[in-house]
Amino acid sequence: MPEETPQNGLSDNAACGLAYLTFIPAIIFLVVAPYNQSANVRFHSWQSIFLGVALVVVWVLNIILLFIPILGWLISIVLMLGLLILWILCVVKAFNGQRFMVPIIGALAAKQAGA
């Protein structure tokens, strides 16, 4: 019977999924070994950071759109729901060990992660 080696810390899949909670765990995973040595964890951490930046940009855009009655409100709701769905998709894929590349952001994250 083969002896199992004890595992310390989080699995790569758990670290990838947790990187999407906020930018704080993403930055921690980029700095702390052994997570910063995994290309997958680095990719999801960078994508999480870039997704957070995109969220801030859309949030500022939403503030402007809220001044436009009805049409601005509808666009604002669609943008925020779209980002929420995109974020949930990234989290689920990351926890399942899959790499989902968000358009534009995913390419930047892959380049930064060196993967």
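Residues numbered from 1 in each chain as written. Predicted model: local features only at pLDDT ≥ 70, side-chain atom pairs only at ≥ 80, totals over all residues. Heavy atoms only, no water.

Participant: Looking at this model, I keep getting lost on the environment of Asn 96. Mind explaining?
Facilitator: Of note, Asn 96 is situated in the loop between helix H4 (71-95) and helix H5 (105-113). On the basis of relative accessible area, Asn 96 is assigned to the exposed category, the value being 52%. Spatially, the C-alpha atoms of Asn 96 and Ile 85 are 17 Å apart, while their sequence positions differ by 11 residues. (Helix = DSSP H or I, 4+ residues; strand = E, 2+ residues; numbered from the N terminus. Buried < 20%, exposed > 50% of the residue type's maximum accessible area, 1.4 Å probe, protein only.)

Participant: Even after reading the chapter, I still don't get unusual backbone geometry, so can you show me in this structure?
Facilitator: Trans peptide bonds make up most of the peptide bonds, and negative phi angles are found at most residues other than glycine. Cis rather than trans, the peptide bond between Ala 33 and Pro 34 has omega equal to 5°. With respect to the helices and strands, the residue Pro 34 is situated in the loop between helix H2 (23-31) and helix H3 (39-65). The backbone phi angle of Ile 104 is positive, close to 70°, even though this residue is not glycine. Tracing the backbone shows Ile 104 in the loop between H4 and H5.

Participant: Whenever I open this one, the environment of Val 53 confuses me. Can you help?
Facilitator: Examined against the element boundaries, Val 53 turns out to sit in helix H3. A relative accessible area of 47% means that Val 53 is categorised as partly exposed. Distance from Val 53 to Ser 11, taken between C-alpha atoms, is 26 Å for residues 42 residues apart in sequence.

Participant: Sorry if this is basic, but what is going on with the confidence of the model for the protein chain here?
Facilitator: Caution applies to low-pLDDT parts of the model: their predicted coordinates are not meant to be read in detail. Averaged over all residues, the pLDDT of the protein chain equals 89, while 92% of them reach at least 70. Residue range residues 1-6 is modelled with pLDDT below 50. Its contacts to residues more than four positions away, or to other chains, number 0 contacts. (pLDDT = per-residue confidence, 0-100. Contact = heavy atoms within 4.5 Å.)

Participant: What is the right way to read the nonpolar core from this model?
Facilitator: Grouped burial of nonpolar side chains is what soluble globular proteins tend to show. Judged by nonpolar contacts, the single largest core of 17 residues is most densely connected at Ala 15, Tyr 20, Phe 29, Tyr 35, Val 41, Leu 51 and Cys 90. Mapped by element, the contributors of at least two residues to this core are helix H1 (12-18), H2, H3 and H4. When near neighbours in sequence (up to four residues on either side) are disregarded, Tyr 35 contacts Gly 9, Leu 10, Ala 15, Phe 29 and Val 41. (Core = buried A, V, L, I, M, F, W, Y, C linked by side-chain atoms within 4.5 Å.)

Participant: Would you mind going over the packing of H3 against H5 with me for this structure?
Facilitator: Each packed pair of helices is defined by two parameters, the angle between the axes and the distance between the axes. Taken N-terminus to C-terminus, the directions of H3 and H5 make an angle of 135°; their axes are 8 Å apart at the nearest point. For the element pair H3 / H5, the angle class is oblique. The handedness of the crossing between H3 and H5 is right-handed. Taken together, the residues of H5 that come into contact with H3 (itself represented by Ala 39, Arg 42, Phe 43, Trp 46, Gln 47, Phe 50, Leu 51 and Ala 54) are Ile 105, Gly 106, Leu 108, Ala 109, Ala 110, Gln 112 and Ala 113. Looking at side-chain class alone, the contact of H3 with H5 contains 11 nonpolar, 3 polar and 1 charged residues. (Axes fitted to C-alpha atoms, helices over the stretch in contact; angles between N-to-C directions. Parallel < 35°, antiparallel > 145°, perpendicular 65-115°, else oblique. Left-handed = near helix turned anticlockwise from the far one by under 90°. Nonpolar A, V, L, I, M, F, W, Y, C, P; charged D, E, K, R; others polar.)

Participant: Explain H4 to me, please; I cannot follow it from the model alone.
Facilitator: Along an α-helix, residues three or four positions apart point the same way, because every turn accommodates 3.6 residues. When the terminal C-alpha atoms of H4 are compared, their 36 Å separation across 25 residues agrees well with the 36 Å that a helix rising 1.5 Å per residue should span. Among all positions in H4, only Gly 72, Ser 76, Leu 83, Cys 90, Val 91 and Ala 94 are buried. Against H1 and H3 lie the buried residues of H4. Positive backbone phi, approximately 80°, marks Gly 97, located one or two places after H4. (Expected span 1.5 Å × (residues − 1).)

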